[in-house]
Every structure is written in structure tokens, then in C-alpha cells.
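Spelled out from the first residue to the last, the chains are:
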Amino acid sequence: MGSLLIRSEGPRCNNSIRAMIVLGILACFSQCIALTGCSGCSRQAVVPMDLNRPVSDAPCGSRDDGSAHIPPRFNDFIPPVKGGSYLDPQYGCAVVRLTDAKLQFHVAVHHQYSTISAVNQDSTRIMLITESGQGVIVDMGGKVVVGPHDFPAINAGNVPWARNAAETFYYTNGNALYRGSVSGHAVKSSVLHTFAGGPSAVIPDEEDLSEDGDHLWIVAGTQAFLYTISANSVGPAVNVGAKETNCGWHKIQITPANKMLMTWACNGASVGRGQEVYNSDGTLDWHMFDNSLHTDVGRDFSGNEIAIVGRIPDTYKDACRSGGGADIIKLDRPHTIFCLVDLNWTPAHISYRDSARGWVAISLFDQDACPSYSCLSSNLRPDWQSAWRHFYEEIILVKIDGSAVFRLAHHRSRSAEYYWAESRAAISRDGGYVVFDSNMNESGLNSYSDVYMIKVR
């Protein structure tokens, strides 16, 4: 799984960009300020009228009112049993508990990442990974379909679902790429391609299957290749180095046009640093940023390739009013940028698998050390209520044009405790479900978390 990568550098001002962000102004609104210490008592922000117009495919939850809301019973909330559900007491969405890690696996269990759909193509199966690195498949109620002992051996935790067959997924083992297909409670596997250049091949951290369902960037040794499934062909190599070593690759994603979005392990203005986009033939298309943050890719309503970035770190001025929101930037030149939603510098994970409906899932968390407003109750600072701000510890949906913001639920995970407590919410490809991790103020396992699901509509 991808390790957390948060760059602290603030964006540099670029006055030439200001003229290009007019369309984003309505999506950026004032944030609430200090709380008085109780739920719903914060000063309410001014929300533009355009954000209140009806939405034809409105999800569950509540329209954003610009205020901070402390989750009721934050310190004594008891989650349901596995397979059970509850209505979020603040926003009303139905939340299903899919796993009981302590009882079922005796290790923590997670979904994969915000940029990878945990839900399969027909929304009947969910892909999970145990802390031990074993795959698990459950149905939409949490019933185990393929257990860890029946799942094939994998050498990376990234196991994306196919787009043309609901029971099919892709994984790597050794130096080969496999196609797996669920059959009863087992998996039938076949080798698609064996990669030279190293003892192992991986589907990189953060990469989902391509929009056309036919491409994956594969890393073998120190080289990355665009693999075409239908043709069983491999494109030119890109030298990406060793993962996390000597400024080698950190994370790789595939854009709708099958370009490679590369996050390098080191910052810098030179090639092979920061965040870059490479063409399918392996040539450099764009040195995107000198630094990087959580990013997902997709298309806007006009069909343009875009990236949604959890705060533009440099090179381009962040378009949101606070200077620290989720921005949209076009991947084609001149790389127009506008504010999607102002997060007021709250760190966030981005998930955009739902290009057709245009809903972006954003989950917000605290990356700081305990004590903070989001630690286990035994470590929680005594004035945690006064530290609570707008969107803290929430999962929200935002229309890709910035026209609507819905708040779905508090994920209730004490995300300052450790990496796996960060919810990393992921939206399904049809926009009907959001899967997230949470420790629900529980402990007892190393890096404990369970997996939950919101039925969005």
C-alpha cells in the first residue's frame, strides 16, 4: 500500500493564473472559525446561493451549511456488529460495517486506497487486504466470498477490479501479471504476461485499471511499462528507479488517456522529482509540480482530462480562498486551474472514479501526532471540541464542477493515531457506494482498522 506523502510547502503566488480561475470562485466559500465547544455551535459560513440549487442525483447526507459539526457521542459510540448498519447521527447516511478484524482475521483489515475502486464493476463484491498482505473479497453485506487462505499469493496490495467482467480482477505474483476470476469461494487464475527486468512485477500503489479497461502501468525492477491487456503488448520502458530509494518512484496512477501520473519520492524542480506526467510512449509530457499531494484523475463534464489535487503545492497558485483547498487542474495545456471546494488547509484524500455522475469523494483527517482532536479517547486532548473545524473527520461528496457539496458521515476514525486509521475513502465506479476505513475509537491490534461502506443512493 502507498505510504502517506504530505508535503508541507505552501503554494507560490502566480498572478498570471488569477485570470483563469473565475469559474472556480462560486465553488470556494468562507470557512467557519473557532467553535464554542459544542456540536453545531460554530459560526455559520456564508454559502453561495448556487450551492443550494436542486441536484437531480442527490446522494444521502446533508448539503454543506459551512459550519463545523462535532460527531455526537464521539467518545462512546459503539459500532454495529459485522454486517450490521447504522444511520450517521449527524447526516443520516446508512453505514454498513463490513468486517470485524479482531474476530475474523486477528490483524487489521483495509480497503486498498482512495484512488482504487474497492467495489467491483456491478457493485456486488468488495476487495480488501489484511495487514498481513492477504487478499479478501466480501459481498455488500460483509459476508466473505473469498477468504485469505483461498486468495492467490500476491506480491503487492494493489488488486484492481476489471471493467468488463464483474468477477475478474488483476494482480501480480513474482514477475508475472495474472487475471483472477472468482468462482464460488475460490479464484481461478491465468498468467497474462511475464515481465523481464526484475524478480518481481507490481501494479503500483494508487493505480486503478484504466478508463478503457485495457491498460495498466506495470513496474518491473526499475522500469515502468504501459501494458495493453487485449493485445498482450508492452510499451517503451520508463526508468523509474527503485521504489522509495535514491529518489525513485513513490506512487503511479494512470490517466484517462493512459498517460502515467508519477509521484517521485523526492521533491525538486528537475526531471525525476516532484509530480510529473509521462506519455504512453514513455516520454515526459509535463513536470506538474515540484512537490506533490494526494491527487486523483478523471474527466470533467466536457470530457477534459483533469487532476483533482488536495491543495496545489507550488508552481500554480491554489485557487481556493484559503489557499488550501481541493483544486482541479486540466492535464492539457494551458493547465487551467480552479477551486473545487475550500478545505481551509485540512489534509484530505481524493477519490474520483465516478466521472459519469461527476461526484468526487473527499475524506478528511488529522496527520498530526497525538494528542489532537482525533486521537483515541485515552490520548485525546481535553479541549478537543474547541479544536474542531469545518469538515473535520468527515466524508463528503463534491460535484466535479463545484456546484454541490454533500456531507455523508463522520468516519469516526481517530486518524492521528497511525496511518491505517486514515479513512482514505474510495467511491465506486458507479458512484453508488463509498468504502472507508475506521478504528471507531477502538484499539487492541497493531494499526487496527475495520472497513465500512456508505450506500450513497
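The structure this text deals with has already been given above.
Model, not experiment: these values are computed from the prediction.

Details of the overall build of the chain
Step number 1: Check the secondary structure of the chain and you find 2 helices and 30 strands.
Step number 2: The buried share among the 457 residues of the chain stands at 61%.
Step number 3: Put simply, 55% of the contacts in the chain that link residues at least 6 apart link residues at least 24 apart.
Step number 4: In the form shown here, the chain has an accessible surface area of approximately 16000 Å², with 51% of it arising from carbon and sulfur atoms.

Remarks on the nonpolar core
Buried together is how nonpolar side chains tend to be arranged in soluble globular proteins.
Step number 1: Ranked by size, the top nonpolar core spans 22 residues in total, and within it Leu397, Leu408, Val434 and Ile454 carry the most contacts.
Step number 2: Take this core: its biggest share by element is 3 residues, from strand E27 (residues 405-410).
Step number 3: Contacts of valine 434, omitting those with residues within four sequence positions, involve Ala361, Ile395, Leu397, Leu408, Ala425, Ala426, Ile427, Tyr452, Met453, Ile454 and Val456.

Focus on the sheet that holds strand E4 (residues 109-110)
Step number 1: Overall, antiparallel pairing links the 4 strands, which are arranged E4-E5-E6-E7 in an open sheet. Both outer strands of the open sheet, E4 and strand E7 (144-146), are each paired with one neighbouring strand and no more.
Step number 2: The pairing of strand E5 (residues 125-130) with strand E6 (residues 135-139) spans 5 bridges and is classified as antiparallel. Bridged to isoleucine 129 within E6 is glycine 135.

Observations concerning the state of the cysteines
Step number 1: Tallied over the full model, the rule gives 4 disulfides.
Step number 2: With its sulfur 2.1 Å from that of its partner, cysteine 320 forms a disulfide with cysteine 339. With the S-S bond torsion at 90 degrees, the cross-link from cysteine 320 to cysteine 339 turns out right-handed. Here the residue cysteine 320 occupies a position in the loop between strand E21 (305-309) and strand E22 (326-330), and cysteine 339 occupies one in strand E23 (residues 337-341), the gap between them amounting to 19 residues. Judged on exposure class, the residue cysteine 320 and its partner cysteine 339 are both buried.
Step number 3: Here cysteine 370 pairs with cysteine 375 through a disulfide, and the sulfurs are 2.2 Å apart. Between cysteine 370 and cysteine 375, the S-S dihedral sits near -115 degrees, and the bridge is therefore left-handed.
Step number 4: Owing to a relative accessible area of 0%, cysteine 375 belongs among the buried residues under this scheme.

Comments concerning the pattern of salt bridges
Step number 1: Applying the stated criterion across every chain, the model contains 21 salt bridges.
Step number 2: Salt-bridge contacts for arginine 429 lead to aspartate 208; the nearest nitrogen and oxygen are separated by 2.9 Å. Taken together, the positions of arginine 429 in the loop between strand E28 (426-427) and strand E29 (433-438) and aspartate 208 in the loop between strand E11 (201-202) and strand E12 (215-220) put the pair 221 residues apart, joining distant regions of the chain. An identical accessibility class is assigned to arginine 429 and aspartate 208; each is buried.
Step number 3: Residue glutamate 211 is joined to arginine 299 by a salt bridge in which the shortest nitrogen-to-oxygen separation is 3.1 Å. In this pair, glutamate 211 is assigned in the loop between E11 and E12 and arginine 299 in strand E20 (residues 295-299), connecting sequence segments 88 residues apart.
Step number 4: Taking the relative accessible area as the measure of exposure, glutamate 211 reaches 36% and is therefore partly exposed.

Here we look at the packing of aromatic side chains
Step number 1: The tally for this structure, following the rule as stated, stands at 18 aromatic pairs.
Step number 2: Seen in terms of ring centroids, tyrosine 373 and tyrosine 392 are 4.2 Å apart; in terms of plane orientation they differ by 20 degrees. Their pairing is stacked. Within this pair, whereas tyrosine 373 is found in the loop between strand E25 (359-364) and helix H2 (384-387), its partner tyrosine 392 is found in the loop between H2 and strand E26 (394-399), the two being separated by 19 residues in sequence. Across the pair, exposure class does not vary: tyrosine 373 and tyrosine 392 are buried alike.
Step number 3: Over the ring of tryptophan 249 we find lysine 243, and its NZ or CZ is 4.4 Å from the ring centre.
Step number 4: The cationic tip of arginine 414 hangs over the ring face of phenylalanine 74; the distance from NZ or CZ to the ring centre is 3.6 Å.

Some points on unusual backbone geometry
Step number 1: In this structure, proline 334 follows arginine 333 across a cis peptide bond, with omega equal to 15 degrees.
Step number 2: You can see proline 334 is positioned in the loop between E22 and E23.
Step number 3: Each neighbour pair has its own omega, and for cysteine 370 with proline 371 the value is 0 degrees, a cis peptide bond.
Step number 4: Within the secondary structure, proline 371 is located in the loop between E25 and H2.

So, the sheet that holds strand E24 (residues 348-354)
Step number 1: One open sheet holds the 5 strands; their spatial order is E1-E27-E26-E25-E24, and the pairing between them is antiparallel. The strands lining the two open edges of the sheet, one partner per strand, are strand E1 (62-63) and E24.
Step number 2: Bridge count for E25 against E26 is 5 bridges, and the pairing is antiparallel. What sits directly across from tryptophan 359, in E26, is lysine 399.

About the criteria used
- Residues numbered from 1 in each chain as written.
- Predicted model: local features only at pLDDT ≥ 70, side-chain atom pairs only at ≥ 80, totals over all residues.
- Heavy atoms only, no water.
- Helix = DSSP H or I, 4+ residues; strand = E, 2+ residues; numbered from the N terminus.
- Buried < 20%, exposed > 50% of the residue type's maximum accessible area, 1.4 Å probe, protein only.
- Contact = heavy atoms within 4.5 Å.
- Areas by Shrake-Rupley, 256 points an atom, 1.4 Å probe, with all protein chains shown as cover.
- Core = buried A, V, L, I, M, F, W, Y, C linked by side-chain atoms within 4.5 Å.
- Pairing = 2+ DSSP bridges.
- Disulfide = S-S within 2.5 Å.
- Salt bridge = Lys/Arg side-chain N within 4 Å of Asp/Glu carboxyl O.
- Phe/Tyr/Trp six-rings, centres within 6.5 Å; stacked < 30°, edge-to-face > 60°.
- Lys NZ or Arg CZ within 6 Å of the ring centre and 35° of its normal.

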